[in-house]
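Summary of the model geometry
Take a look at the letters that make up each chain.
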Amino acid sequence: MSKLKLNNVSYRYEKSSENVLDNVCMDFDAGKIYTIVGKSGAGKTTLLSVLSSLARLTGGEILLDDQNVAKIDRYRFRSKYVGVIFQSFNLLTHLTALENVVLSMDISGKSFDTPKKELALELLGKVGLSADEAKRRVLKLSGGQQQRCAIARAVISHPSMILADEPTGNLDAETQDEIIGLFKMLASEGKCVIIVTHSADVAAASDVTYELKKA
Amino acid sequence: MYIIKNALKSITRNKLRNILIGVIVLIISVSACAALSIQQAAEAAREDTLSSLNVTAQISFDRKKAMEEMSKNDDSDSDEGFDRGKFDFDVLQGSSLTLDDYMKYTKALTKSDGYYYSGAISLDATGDLIPYGTSEDSEDSDSKSSDSQENGNMPGQPPQMDSDSSKSFGMPFQVNQGDFSITGYSSSDAMLSMFGEDGSYKITDGSMFDFSSSDYECIISNELAVYNNLKVGDTIKLANPSYEKETYKLKITGIYTNSDSSSEENNRFRMNDPANNIYMSYKAFSKLIKASEKADNKTTDSDGNETSAVLSENMAFTYTFANVENYEKFSKKVYDLGLSDDYKVSSSDLQAYENSLTPLNTLSSTAMWFFFIVLGVGGIILITLNIFNLRERKYEVGVLTAIGMKKAKVALQFITEIFIVTMIAMIIGSSIGSAVSVPLTNTLLANQISSSQSSQDKVNDNFGFKNDKSDSGMSEPPQGFGRVSSAVKYVDSVSSASNIFVILELALVGLFLILISGLAALVSIMRYEPLKILSNRS
């Protein structure tokens, strides 16, 4: 049984007559890394928005463990089931890296055995941010450090799916390898990792690659 | 919990904006506290004054109503407009109520209420007795004229009018022309305003006459006693001003002093000089009137017309009430007991009480208007600031909702921020407002009284009346017939203004500000879509 299943998913922007996504069918399993590739404008980011419930389908359905996602509260879905790593990170710049991660834990509403700060520092350490860097304002971190922070924020509440939009787009090759390593680690923990990318390296590192073509 | 934590962080992060919001709320809360305190002070002053008010009432002929009815009749009778010559002054004076009438209406009183009464006439000096203030030049001069004049009556004393003589001249307010004012009182209560705690009278020699006795006994002023070398136990002889052979002998039981010295200017007529006021029991006074009625003397003028010289008393009957409610019940019930609609029940105490609160009420009203304007303008500024604040923090809303925070929770965080800032500003503002409200109220009240006083003085000045100031600093316009207004003792200070009600009202104001600001936040947040915000940002 697929973790996530897309059945004839369609999406059209408001005031537009053309579908960006047209009858898309995909299956995603737990413990694997998926990459979605395609030309610009093919609808990769839109697909990610649909998968994270930021955009509402105009057709078809998405099933999470055979349950229609449309029937799950989308805020609850985003805070508990999905961890999203945005292309532009979308971190709260007035907070520190640590605070961003802890805030995500708060929003999830989940309970943790260890104090949240301690857990967040541990995870930030795992993604390559030192305690000192974790306590810096996000704006004072480099692009790579912000990306790591965004990854930490996405995975801290143990979602079953990780959605990442161009997670290595602004990173140097060394950092890109480290980030791919992180995703592999998450997949090995049983998570379903879906990555939208232009990078052939990232696609090569994934278990399955879907190519989106313009509808 | 994290919502409060985030709200606090956000407040400290946006210090300048929150200080600006705080200052606006502070201004609103200071003005609200001051205005509500003034209103509360006015209410407290009203209740305090009312609780200590000895309500008295009189039944009197309703001249205003009679005038209006006469005017209506005049209009219906003639198309040529108002004809002053057709006015019937006898009608305007109304028929006097008798003691029996007044007593009948005491049935409308409750057990805690009471009554007293007095009657007054004017008598002439006869024999060796000389009225105080008489000089050789002025003796037998204008004191017997019939001009309208100042009313020098003491409190509780009936007006000095001789209805018979006034009727003979066709004038409504013709006054008596005797040398002395003789007043009979029913009880000590009737003289309480004179000899009571706040009175200016004191028996310095002898004693008060017996209220239950009908013997011709009286008390006279120290000035009159000295002037005529009289002492307690002596007898004075007085005559009917219309019939000199009708005389009465009164025995002096006491001599009083009056700390309110008589004013030459106010006493052009001897009987109006307080020194020429003679007081006796109403029983003795009534006996004197009956004696005059029995004698039934008459005078004949040069045309041979015969006029009755019987002494006619002017009666003042006062009902006293334990509280205003009793007065109001009485005012309705007397009509059920048969009082004609031509008569009205009125209380000068209540009128004076209302007048005393005028500056405070005006100030309260002005303060409330000011408060509503500040609240309105402040509220609009707060809404605008919050809308700008939200636009500025749109990205934050987008991120929070994108990572799964419900819009309602985001709105709650924003409202919590507004709540904290507003509450802090309200507490500071209320403290400042409470501290300044009493001195501010008293200063504004002083200005208000001064303003009221100035306009009243101006009116009196225009009428040519003298504006007096008493030692207490209270307004004391001159008294008497034809004056623009009576003396008003304004409530000129408040001791405390803020209380639990003011605090509760301020809490409501704070809640209102939070609601209107929060509503702006709520509406804006609910309209935002995270995908759009983040796409635009990207």
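What you see is a predicted model, and the numbers here were worked out from it, not measured in a lab.

1. Things to note about the pattern of salt bridges
Tallied over the entire structure, the rule returns 16 salt bridges over all chains. For the salt bridge of R136 of chain A with D132 of chain A, the shortest nitrogen-to-oxygen distance reads 3.5 Å. The class of R136 of chain A is partly exposed, set by a relative accessible area of 31%. With a relative accessible area of 53%, D132 of chain A lands in the exposed category. E417 of chain B is the partner of R393 of chain B in a salt bridge, and the nearest nitrogen-oxygen pair spans 2.6 Å. Taken as a pair, R393 of chain B in the loop between α12 (358–392) and α13 (394–402) and E417 of chain B in helix α14 (residues 407–463) lie far apart in primary sequence, 24 residues in all. The two residues R393 of chain B and E417 of chain B agree in class, both being buried. Via salt bridges that share partners, R13, R393, E396 and E417 of chain B belong to a single interconnected network.

2. Concerning the sheet that holds strand β3 (residues 33–38) of chain A
All names here are of chain A. The strand order across the open sheet built from five strands is β6-β7-β8-β3-β9, with neighbouring strands paired in parallel fashion. In this open sheet, the two strands that pair with only one neighbour each are β6 (82–85) and β9 (208–212). Each strand of the sheet is rotated relative to its neighbour by a mean of 15°, with strand direction disregarded. One ladder, built from four bridges, connects β3 with strand β8 (residues 192–196); its direction is parallel. Along β8, the bridge assignment pairs T35 with I195.

3. Looking at the interface of chain A and chain B
With 21 residues of chain A in contact, the opposing surface of chain B contributes 22 residues. Buried surface at the junction of chain A and chain B, both sides included, amounts to about 2,000 Å², of which 61% is carbon and sulfur. Seen at the junction of chain A and chain B, the total is three salt bridges. Residue K5 of chain B is joined to D106 of chain A by a salt bridge in which the shortest nitrogen-to-oxygen separation is 3.8 Å. On inspection of chain A and its partner chain B, the count reaches five residue pairs in polar contact (both at pLDDT 80 or more). Of all the secondary structure elements, the ones that give two or more residues to the side of chain A that touches chain B are α2 (74–81) and α3 (97–108) of chain A. Examining the composition of the side of chain A that touches chain B, we find that five residues originate from one element, α3 of chain A, more than from any other. When grouped by side-chain class, the residues that make up the side of chain A that touches chain B number nine nonpolar, five polar and seven charged.

Thresholds applied
- Numbering of residues starts from 1 in every chain and runs along the sequence as written.
- Numbering of ligands from 1 and lettering of chains from A proceed in the order in which they are written.
- Per-residue local features of the predicted model are confined to residues with pLDDT of at least 70, and side-chain atom pairs are confined, for both listing and counting, to 80 or more; whole-chain, interface and lining totals are unaffected and use all residues.
- As a rule here, side-chain values cover all heavy atoms of the structure and leave hydrogens and water aside.
- Think of a salt bridge as a Lys or Arg side-chain nitrogen and an Asp or Glu carboxyl oxygen that are within 4 Å of each other.
- Whether a residue is buried, partly exposed or exposed follows from its accessible area with a 1.4 Å probe, protein chains only, as a fraction of its type maximum: under 20%, in between, or over 50%, in that order.
- Every helix listed is a DSSP run of H or I at least four residues long, and every strand listed is a run of E at least two residues long, numbered separately from the N terminus.
- Pairs of strands are assigned from DSSP output, requiring at least two bridges between the strands.
- Here an angle of 0 to 180 degrees is reported between the N-to-C directions of two axes, which are lines fitted to C-alpha atoms, with helices fitted over the stretch in contact.
- Should any heavy atoms of two residues lie within 4.5 Å, those residues are counted as being in contact.
- Summed over both partners, the accessible surface that disappears when two parts come together, traced with a 1.4 Å probe, is what is meant by buried area.
- Within 3.5 Å is the distance limit for a polar contact, defined as a pair of N or O atoms, with the added protein rule that one can donate a hydrogen and the other accept it, and that residues adjacent in sequence qualify only through two side-chain atoms.
- For this scheme, ten residues count as nonpolar: Ala, Val, Leu, Ile, Met, Phe, Trp, Tyr, Cys and Pro. Four count as charged, namely Asp, Glu, Lys and Arg, and the remainder, Gly too, count as polar.

By themselves, these figures tell us nothing about what the structure is for.
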